[in-house]
Amino acid sequence: MENNVLVLGPIFLPFLGAIIALIFAQNNRLQRIIGLVASIAAWLTACAVLYQNWDLARSGQTAVQIYRLGNWTPPYGIVLVADMLSALFVVMCTTVLVGGFLYTLQCKDRCITYPVFLPAFGMMSAAISGAFYTGDIFTLFVFLELMVISSVVMVAIADKDLALEAAIKYLLISAMGSLFLLIGIGAVYASLGTLTMADIGQLLETGDRPLLARAAAVMLTATFLLKSAVFPFHFWQPDFHTTAPTPISAMLSSIVVKVGVYGVIRLVTLLYRAESGNIGNILIILGIIGIFFGGLAALRTYDAKRVLAYSTFGQVGFIMVGIGWNTPLAMMGALVYAVNHAFIKSALLMLSGVVASFNQYKSAKLKDLVGAGKQKIGIGLAYFLGGLALAGVPPLNGFISKLALVRGGVQAQAWISLGLIVGGGLITLLYMTRVYVLIFQQKPTEDTAPQKEYGDSYLAPALLIAICVLLGLFSAPLVELARLTVEQLGDPTQYIHSVLGV
Amino acid sequence: MDIVLINIVPFVLALLMVFPITRQLLGRNGLTWLTSGAMAVLFFWLLIFIPQVADKNVISHTYTWNADLGLSLTWYVDGLSLMFALIVTGVGSVVFFYAGYYMDDVTQLAKFYGFLLAFAGSMLALVLAGNVFMLFIAWEGTSVMSFLLIGFKGDKDEEARTSASRALIITGGGGLALFVGLMLLGVAVNVVNGVDLFAESGFQLETILQADVKSHSWYQGFTFLILLGAFTKSAQFPFHFWLPGAMTAPSPASAYLHSATMVKAGVYLLFRLYPTLGKTNYWESWLLFIGLTTMFIGALFAIRKRDLKGLLAYSTVSKLGAIIAMLGLPDSIGLKAAAIGILAHALYKATFFLLAGTIEHATGTRNLDQLGGLRRHLPVSFYTAVLVGLSMAGFPPLLGFVAKETLLEAMLPEHGLTLLPIIVVTSASVLTVLAAFLFVWDVFVSRADQQYPHFHAPHNGIHIGPALLAVMSLLTGIFIAPLLESIVGSAIGKDIKLYLIPSNLNPLENHAFGLSLLVLFAGPALFVVRRYWLNMPWFNLPTGINLYKAFIDIIEWIGDQLLRSQNGKLRYYLAVIMGVVSVLMLIGGAQNIHGLSIDITANKAIDSVKIMTILLAIGSTAASIFLRRHLLAALSLGIAGYAIGGLFLLEPAPDVALVQFLVETLATVLIILMIARISMRQRREVMNVLWDGSDDTHFGVLRDAAIAVIIGMSVGIFALAAVDDRQARIETLEQVEQDVIDEGVILPEIVRPIAMWHLENTYKETEATDVVAAILADFRGTDTLLEISVFSLAALGVMTLLAVPKGREILIGKNVRDVMQSMAQSQEIERQQSSGNKLDTSQMQQIRTKTFPLPEKPDQYGAYGDEHSISRLSTPLTRMTATVVLPFALLISIAHVLYGGTAPGDGFTAGVVSGLAIAVWYVIFGYYETKGRLWWLRPGRLISIGLVIALGNAVLGMIFSEGFLNIMKLDVHNPPAGLHFVSTIVFDFAIYLTVFGGVTAIMEAIAHPGEEAL
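What you see is a predicted model; the values in this text were computed from it and never measured.

*Asks:* What exactly am I supposed to notice about the overall build of chain A here?
*Replies:* Of the regular secondary structure elements, chain A holds 19 helices and two strands. For 502 residues, the compact-globule estimate of 2.2 N^0.38 gives 23 Å, and chain A sits close to it at 21 Å. Principal axes of the C-alpha set define a box for chain A whose edges measure 70 × 55 × 40 Å. Of all 502 residues assigned to chain A, the portion counted as buried reaches 75%. Long-range pairs, those at least 24 residues apart, make up 81% of the contacts in chain A with a sequence separation of at least 6. In the structure as shown, chain A presents an accessible area of about 13,000 Å², 65% of it carried by carbon and sulfur atoms.

*Asks:* Looking at this model, I keep getting lost on the overall build of chain B. Mind explaining?
*Replies:* Along chain B, the regular secondary structure elements total 38 helices and two strands. Across chain B, the fraction of contacts at a sequence separation of at least 24, relative to all contacts at a separation of at least 6, is 76%. Of the roughly 42,800 Å² that chain B leaves accessible, carbon and sulfur atoms contribute 66%.

*Asks:* I tried to follow the packing of aromatic side chains on my own but got confused; where do I start?
*Replies:* Aromatic rings considered in pairs are described by the distance between their centres and by the relative angle of their planes. Following the criterion strictly, the structure yields 54 aromatic pairs over all chains and no others. Each ring, one from Y170 of chain A and one from F240 of chain A, has its centre 4.1 Å from the other, and the planes form 35 degrees; the classification is tilted. Of this pair, Y170 of chain A sits in helix α6 (residues 162-192) while F240 of chain A sits in helix α9 (residues 236-243); the two residues are 70 residues apart in sequence, bridging distant segments of the chain. Of the residues examined, Y170 of chain A reaches a relative accessible area of 3% and is grouped as buried. A residue is classified by how much of its surface remains accessible, and F240 of chain A, at 0% relative accessible area, is buried. Measuring from ring centre to ring centre gives 5.4 Å for F97 of chain B and Y101 of chain B, while their planes differ by 65 degrees; the resulting arrangement is edge-to-face.

*Asks:* I'm lost on the pairing of strand β1 (residues 59-66) of chain B in this one. Help?
*Replies:* Every regular strand shows the same layout, with side chains that alternate between the two sheet faces. All names here are of chain B. Direction of pairing for β1 relative to strand β2 (residues 71-77): antiparallel, over a ladder of seven bridges. Counterpart to T64 in the pairing with β2 is S72. Between the end of β1 and the start of β2, which pair antiparallel, lie four residues, with G70 showing a positive phi angle near 70 degrees.

*Asks:* Where do I start with the pattern of salt bridges in this structure?
*Replies:* When charged atoms on two side chains of opposite charge get close, those side chains can pair. Residue and element names in this part refer to chain A. The final tally for this structure, using the stated rule, is 20 salt bridges over all chains. The shortest N-O distance in the salt bridge between E165 and K169 comes to 2.9 Å. On the criterion of helical spacing, the pair formed by E165 and K169 is a turn pair, its members being four residues apart in helix α6. Accessibility expressed as a relative area gives 3% for K169, which makes it buried.

*Asks:* Can you walk me through unusual backbone geometry in this structure?
*Replies:* Apart from glycine, the bulk of residues carry a negative phi angle, and the bulk of peptide bonds sit in the trans form. Residue and element names in this part refer to chain A. Cis peptide bonds are those with omega within 30 degrees of zero, and the linkage from P394 to P395 qualifies with 0 degrees. By the secondary structure assignment, P395 is in the loop between α14 (377-391) and α15 (397-412). Even without a glycine there, the phi angle at Q413 is positive, about 55 degrees. Positionally, Q413 belongs in the loop between α15 and α16 (415-441).

*Asks:* Looking at this structure, how should I read the packing of helix α17 (residues 379-393) of chain B against helix α20 (residues 464-478) of chain B?
*Replies:* Relative orientation and spacing of two packed helices are given, respectively, by the angle between their axes and the distance between those axes. Residue and element names in this part refer to chain B. Viewed as axis vectors pointing N to C, α17 and α20 meet at an angle of 40 degrees, and their least axial separation amounts to 9 Å. Crossing of α17 over α20 shows left-handed handedness. Contact residues: T384, L387, V388 and S391 in α17; P466, A467, A470, V471 and S473 in α20.

*Asks:* What is the right way to read the interface of chain A and chain B from this model?
*Replies:* Interface size is commonly expressed as the accessible surface area that is lost when the partners come together. Between chain A and chain B, the contact holds 120 residues from the first and 109 residues from the second. At the boundary of chain A with chain B, total buried surface from both sides reaches about 10,600 Å², with 76% on carbon and sulfur atoms. It is W72, Y76 and R407 of chain A in chain A that bury the most area against chain B; as a group they hold 9% of the surface buried on that side. In this assembly, chain A and chain B are joined by three salt bridges. Broken down by element, the residue count for the side of chain A that touches chain B peaks at 14 residues, all from α6 of chain A. Residues belonging to the side of chain A that touches chain B are distributed by class as follows: 86 nonpolar, 19 polar and 15 charged.

*Asks:* Sorry, what's going on with the side chain of D78 of chain B here?
*Replies:* Residue and element names in this part refer to chain B. Its place among the elements puts D78 in the loop between β2 and α4 (79-102). Within the structure, the side chain of D78 is placed 2.8 Å from the side chain of S81, a separation counted as a polar contact. Within the structure, D78 has its side chain in polar contact with the side chain of R272 (distance 2.8 Å). Each residue touching D78, except ones within four places of it in the same chain, is listed here: V53, V58 and R272.

*Asks:* It is not clear to me how helix α21 (residues 480-492) of chain B should be interpreted in this structure. Could you clarify?
*Replies:* Each full turn of the α-helix corresponds to 3.6 residues, which orients residues three or four apart in the same direction. Residue and element names in this part refer to chain B. Where α21 is concerned, the buried positions are I480, L484, I487, V488, G489, S490, A491 and I492. Where α21 is buried, its residues meet α3 (50-54), α4, α12 (265-277), α15 (335-363), α18 (399-411) and α20. Count one or two residues on from α21 and you reach G493, which has phi positive near 80 degrees.

*Asks:* What should I look at first to understand the nonpolar core in this one?
*Replies:* Nonpolar side chains tend toward joint burial in soluble globular proteins. Counting residues in hydrophobic clusters, the biggest one holds 513 residues, and the most contacted among them are F89, F121, Y272 and I323 of chain A together with Y256 of chain B. For this core, the element with the most residues is helix α13 (residues 328-358) of chain A, which contributes 21 residues. In terms of nonpolar packing, the next biggest core, distinct from the first, is built from seven residues, W72 and Y76 of chain A together with A774 and F779 of chain B among them.

*Asks:* Would you mind going over the environment of V355 of chain A with me for this structure?
*Replies:* All names here are of chain A. Mapped onto the secondary structure, V355 falls in helix α13. Taking C-alpha positions, V355 is 28 Å from V148, a pair spaced 207 residues apart along the chain. Residue contacts for V355: discarding those within four places in its chain leaves L369, A372, G373, I379, I439 and F440.

*Asks:* Whenever I open this one, the confidence of the model for chain B confuses me. Can you help?
*Replies:* Atom-level detail of predicted coordinates should not be read off regions where pLDDT is low. Residues and elements named next belong to chain B. In the predicted model, chain B carries a mean pLDDT of 81, and the fraction of residues at 70 or more is 87%. Scored below 50 in pLDDT, residues 805-813 makes 32 contacts in the model with residues more than four places away or belonging to other chains. Contacts from residues 858-869, a stretch scored under 50 in pLDDT, to residues over four places away or in other chains number 24 contacts. Across the interfaces of the predicted complex, the ipTM metric reaches 0.93, alongside a pTM of 0.88.

Procedures and definitions
Residues numbered from 1 in each chain as written. Chains lettered and ligands numbered in written order. Predicted model: local features only at pLDDT ≥ 70, side-chain atom pairs only at ≥ 80, totals over all residues. Heavy atoms only, no water. Helix = DSSP H or I, 4+ residues; strand = E, 2+ residues; numbered from the N terminus. Rg over C-alpha atoms; globule rule 2.2 N^0.38 Å. Buried < 20%, exposed > 50% of the residue type's maximum accessible area, 1.4 Å probe, protein only. Contact = heavy atoms within 4.5 Å. Areas by Shrake-Rupley, 256 points an atom, 1.4 Å probe, with all protein chains shown as cover. Phe/Tyr/Trp six-rings, centres within 6.5 Å; stacked < 30°, edge-to-face > 60°. Pairing = 2+ DSSP bridges. Salt bridge = Lys/Arg side-chain N within 4 Å of Asp/Glu carboxyl O. Axes fitted to C-alpha atoms, helices over the stretch in contact; angles between N-to-C directions. Left-handed = near helix turned anticlockwise from the far one by under 90°. Buried area = accessible area lost by both parts, 1.4 Å probe. Nonpolar A, V, L, I, M, F, W, Y, C, P; charged D, E, K, R; others polar. Polar contact = N/O pair within 3.5 Å; in protein donor to acceptor, adjacent residues only side chain to side chain. Core = buried A, V, L, I, M, F, W, Y, C linked by side-chain atoms within 4.5 Å. pLDDT = per-residue confidence, 0-100.

So this is what it looks like as structure tokens:
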């Protein structure tokens, strides 16, 4: 299979942007523009890759694009693999990232003026795309490290006092996760002698392979659950996602958690197909706990961004349950859910940030935001639509996710878990109306009435909300992509053969 | 096609309302006429469909929306849809016209119209939906618009906000139940019909209406869920409480949504699904029970309400209950009564709400106790009220009379019912009569001398709408046969006869007529004597609102408890995470690992030196836990690292050992420097915040120890199993290869571990003799490229972080003179502020741009005249050593880079070596002298140059060689000193620069004397 140079784009264009931004450390304005340009370029290449795959998949061909780094034949070197799944996820991420960089253009946070901020942001973008594209499990580990360190840097230097504490906690917990992953990889390598995921999947499927590699599944699952902040690996998440600067918290809560989701999907569909039943049960149980834990905590927490962070905790639960059911429709539902949630959540977090940026203390605490959005009709409308989308109200994209997921549940005949997740969906409505009413309907108090004249621009979240609306009204392309993806996931030989060229 | 257009019109108009230009162009009157005119046009347009529908023709249009999900948009018109659509457009037209005179502010009016139009569109879509998904979508749409309209005055009214959310939660929750119910129904239909489970046709109304699902085993389940949806939407007991709460909406919205249309959505759904789900005991008992209960409770509450709209709301609840109950009657006997009831109620109740709006608009109150005598002030409203009041009470010749007549007839025990329903219905009807009398009398007639100091006569146009509806009540009553027969007939799907005056007027033979007469006498009679009983002390019926509040309280309480788990202590977080992983390991790993025989002696390369080293590593690790002084703990951790390095050396793996030693040295130096910089007190504080240092109970220690042991043992087993595994694999492999040689079988190359391939092919492929170096810089060059990014980002992060807290300038990319300059500026600002000058932003800016005189050269100690910065270690001997060490370190580094492909050492080790030399400088010379003497050393720039070279090298490989990061071989024959000029040297050099820059950056940040020196 030929190398497809486009696959490099989503990873190395932001990477290049980060380096250029580092060179122009003195000119913050220029840094921001470089970041945006690089992210748009990455987005374009990501779209091109997905389009090529889509085209191939529709005509029934093998829809996998690969790039062998250093031109070493797998499994001896590192290979980037853009199959339907990774191409779809990278498009989702790069789209949201363009939104994030667009937000930084007009963001008034002080930390964005620090020279290291935009390079770190660029590195994070590269790392996210890389984690999806890499076909090598050790390179996945390295990309995850890059993702962790760049996000830790950006949160640690954030304007809020608590940010450093949150960053340290995340760094330490994440180091724990890295250790698990490393042990898992070590075990896999020791018993199979390979690091290429296609190779691992093939070796574990065929033949009487050593059991050690299977035990490593525990370690890998734990790592990915930690990355997605699934119960009980979630403790770092609310602090970390809340104290981050707005554009970053929007990325963390929408796409960075999806890296773990992606990892789990790879585990159950490629690496550990034989174990997918056991892993699935764990996912369903932890996911449902997460739905209720996250939802109820979001209902009672005190900060507008924190509500959304806890909400992510719950929403990831929905996705995990879908993966856990592991029928074609359920997996399709999980994919659609993951993509839609990324757009909704990033937009909502940015909108909260915009409202908070007008606040005289620049705080997102609910008591400081009472009635803060009363005069901001456009922001209010966008937030309202986003809230409804999150709660799964038609005809917005969140409804499509829920519909797809519920159909998956019906197909899986998992009645108890289906009932629980539908019931859990009501909690979303509760906390979103609570926050919406408080910020956008209530009369400002004496404390919250004085507002700054200038705040962050709401262009980026408005665009993301527009995507949410469009993905609701015109849901067919995304659902078709998800269906094709699931078809490909159901036939791992496509992936394996394209990579190994057998 | 027409029908789709009809449905789209309201949405288009709603969209128009979003733009300010619409209201600026049209003004109040324009808006009013546009919206109500459009609704009237739609009404007459729909009338055209009557003949078609009366012939039992069904009009339907389908558009595929999302084939993969089985979503399609289908419009479906039969008699039932048409009847509801006519109500939506007809009442809509009147309400829109009325609202134009009701709302004072044009901006608010446009917003209100926007919401109402969006609602009208959703409601039309709901009743015209031919696909249960479309029905559900429209259903949710009406709930959302209802939320917005109830909370329309939310900024002023706390109650409006809570009622709006409550209504949304109740109807939204019911919507979820409905969603699952419909989904299961669709599955059942498909099972029964034997079609593909998720075919697009599965959720079409046509399919569902023809399916026989009553015998399906899920019947009770999905019926219950669907009923739940309908009951919440139509405000049935015990969910009825949201409707009285919804009265905070502006009156036109109440008239439209909360009496005429939206609350009938539940009724519509049950009506619609009656052929599929109805006529079973399960269905009938639920509907009769809930419907009759709601009817009675609603009527009872209505007469006690002194709030005008509250009274109307409860009476609406009562009427909805009656309709639901009629749908629960056996053999379709209630359908006719239900249809007429829906029409009659829409006509009279909407009018009442509009009148209530007029009254509130004029007098500023809706409290019955503060009203009275309005006959003089609002004569038109009075006559309208009398007319609709009579219809509500059920006096001939109004439509309400026919409705009550048919209702009583349907409930008669002659159809095999017990006596209870007829008793309930009769008494509720009596109470309804009373409610109508109360409204008309207390508002318009009693207390004729009531004064209204703030009376504000409304525009005359406001009376037109209600009067029109009232006249319609009269006309449809008198000319019932020609006007309604075809509509009602086609709605319930059979030919019927409608008449105003029953043929048999003997009350003893025609029981319904007799009961009707009884009601008409008992009602006024009770009204006359009401002062003797109506104000008696009353009991409070337990209602759903208490349940709802309790529910909310409970989940909020749970939420609070859950939040307490987020206690901020890293120790517990890690304990939970590792605890869960150890449990998973025990469950998941144990069954897989057992059976694996672990033989430590299998690895023959065990000797006493190795055992000693291992013991040293374990001992010093343990010591690092028990040592209370941080410095000693750090040192013993360093020793453990060195011991592991020693193990590598013994293996022998000199490359890895070298890296391990250097990294350990670097890490230990960094930790010690940081410990020196941070005071003990600060460290303790941080420990308390993050770690919970205060709570060293026995249990805590034991728990942590247990988790550590389990994790440690698991990892240990992993490692041992790995060793064992590898041995077994190599043996198998050798065996297989032997077989290959013996029998000539060709084995796919893939089975061999990639390490063997690397060992065999490295020199051939890369001309490097050092396999580790080749893997790092070549085979897995991408990993290295990423790792140096991680490293430099971490270094830059540390640098920024240490520079940030006091708002100091950030050092990246600045030379020492700039740094000094900005420090001098900060000093100046601080000096001025401490002397009491308040500086504003522009003054600050001024100082920031000012240039301060700096000493030309560092003085003999290197510091710019500042004794704090002189290190205690700065003696002539150490200064000399440090000066000598640096060039040597740089030379060693260059050697590492150049010979990376053939000998131990590579770009990374080179960078660490150079960085350590710089560290020595910072320790010996202090910050300022080092910065001054090594002016050329700018860590930020080193990092960026390194990264540029690394990436450039990778890209050049793509352009001139075989791909991204591919090595380029420069064709140099007989290279000097055994060097191979391949692009890995360039890459190694880039790694060197980056790592060197990173280490220097961290050192610089740590060595910076901090605020106290300034």
